[in-house]
Amino acid sequence: MSTYLVHYNTHSYTLYIWLLPGYIVGAIICFWWFRWQRWRFRFLIAGGMACFAFFFGSMYFTVSPDSTYEMLFFPLFMRGLGMLTLIIAFALFAVEDLPPKYLLSNAFFLITFRSVLTPVMASAFYSNVLYRLQQKYMVQLSENITLTDPLSASRYTSALTENLQHGYGINEATQLATNTMNSILQQQATLLALKHMLGWLFFITLVIAIVSRFIPFHKTVRVPVIHTGEDMV
C-alpha cells in the first residue's frame, strides 16, 4: 500500500484497470435500458452524472496524505460506469432518426471532438488549473513556515538532527532539512489544490445530475433487436 500523492506509472495502470468493470456494467445497463425501456431517458442521464458526482465526492472526502491507491478502486469503477453510460446514451440520442447519409459525418464529428479534441483540451485545462492552485497554496503555506512556528520548527529540527546523525556536515544537513520542508510544502499544496478542484467538480456534477433529471428530452430512445429468419442461419 502506498499513498497516491506519490505518482508511479505502475499504480496508474492498476487504477485504470478498475475502469473496465465499470465499462462492462455500463454497457449492460445501457443494453437493458434501450431494449426494455421502462423509465424516461433523462433518468439515465441523471444516473450517469450521479456516478461522476459520486466519484468526485468520494475523492474530495477521502483524499489525504495517508490515502492509498486501494481507496480509489470503487470510485474509479463508478467513474467508468458513468462514463460509458453517458457516451452510449448521448451517441444513441444523437443518431436516433438521423438520415443514413449523415451517419458518417456524425461519426467523424463524435470521434473528433469526444475522443481527440475534448481529452486534450480537458487535460491541458486541468493541468494548468492544478499548477496555478499549487503555486497559490505554496505561497500561502510558505508564509507560515518559519522557525517561530512550533510545528514547523520541530519538523525542521527533527530533519536536521536526523541528517547530522547520518554523518552529514552542518551545511549538507541544513540543505537536506530545507529540502524536506519543501517536500512537505509541495505535498500539502498539491493536496489543497486537489481539494479545491474536486470540490468544484463535485458541486458542478451534482447540480448537472439534479438538473438533468428534469430536462424534458422530447423523444424516447429505443434500440430494436432484429430477429432474422432461417435464411440467415
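Here the structure is shown first, and the text comes after it.
Attention here is on the structure that accompanies the text. (Residues numbered from 1 in each chain as written. Predicted model: local features only at pLDDT ≥ 70, side-chain atom pairs only at ≥ 80, totals over all residues. Heavy atoms only, no water.)

**Some points on a nonpolar patch on the surface**
For the record, the criterion: Residues forming no salt bridge and having over 30% relative accessible area are the ones grouped into patches, like charges within 9 Å of each other and nonpolar side chains (Val, Leu, Ile, Met, Phe, Trp, Tyr) within 5 Å. Working definition of accessibility: Shrake-Rupley area with a 1.4 Å probe, residue cover restricted to the visible protein chains. The salt bridge definition used is simple: a Lys or Arg side-chain nitrogen within 4 Å of an Asp or Glu carboxyl oxygen. Only DSSP runs of H or I reaching four residues or more are called helices, and only runs of E reaching two or more are called strands; each is numbered from the N terminus. Burial classes: relative accessible area under 20% of the type maximum marks a residue as buried, over 50% as exposed, and values in between as partly exposed (1.4 Å probe, protein chains only).
Together, Trp200, Phe203, Ile204, Val207, Ile208, Val211 and Ile215 make up a nonpolar patch on the protein surface, roughly 630 Å² of accessible area in all. With respect to the helices, strands and loops of the structure, Trp200 is situated in helix α7 (residues 170-212). On the basis of relative accessible area, Trp200 is assigned to the exposed category, the value being 52%.

**Here's the deal with the packing of helix α4 (residues 73-95) against helix α5 (residues 103-142)**
What counts, and what does not: The angle between two axes is taken between their N-to-C directions and runs from 0 to 180 degrees, where each axis is a line fitted to C-alpha atoms and a helix contributes only its stretch in contact. Under this scheme an angle from 65 to 115 degrees is roughly perpendicular, one under 35 degrees roughly parallel, and one over 145 degrees roughly antiparallel; angles in between are oblique. For any pair of crossing helices, the crossing counts as left-handed if the nearer helix is rotated counterclockwise from the farther one by less than a right angle, and right-handed if it is rotated clockwise. Between two residues, a contact is recorded if the distance between any of their heavy atoms is within 4.5 Å. For this classification, Asp, Glu, Lys and Arg are treated as charged, while Ala, Val, Leu, Ile, Met, Phe, Trp, Tyr, Cys and Pro are nonpolar and the rest, including Gly, are polar.
Close contact between α4 and α5 brings their axes to 11 Å; oriented N to C, the two are set at 150°. In terms of axis orientation, α4 runs roughly antiparallel to α5. Crossing angle aside, the handedness with which α4 passes α5 is right-handed. Facing α4, whose interface residues are Ile87, Ala91, Ala94 and Val95, α5 presents Leu103, Asn106 and Arg114. Partitioning the contact of α4 with α5 into residue classes produces 5 nonpolar, 1 polar and 1 charged.

**With respect to the packing of aromatic side chains**
This is how the line gets drawn: Within 6.5 Å between ring centres, the rings of Phe, Tyr and Trp (the latter by its six-membered ring) count as paired, and their orientation is classed by plane angle as stacked under 30 degrees, edge-to-face over 60, tilted in between. Lysine NZ or arginine CZ positioned within 6 Å of the ring centre and within 35 degrees of the ring normal marks a charge as sitting over the ring.
For the structure shown, the criterion picks out 13 aromatic pairs. Between Phe54 and Phe74, the ring centres sit 5.6 Å apart and the planes meet at 85°, which makes this aromatic pair edge-to-face. Here Phe74 lies in helix α4 and Phe54 lies in helix α3 (residues 41-62), a separation of 20 residues in the sequence. Overall, Phe54 belongs to the partly exposed group, its relative accessible area being 36%. Three or more aromatic residues link up through ring pairs in this structure, and these residues are Phe34, Phe41 and Phe93. Here the guanidinium or amino end of Lys136 rests over the ring plane of Tyr137, the centre of that ring lying 5.4 Å away. Sitting over the ring of Phe214, Arg213 keeps its end group 4.9 Å from the ring centre.

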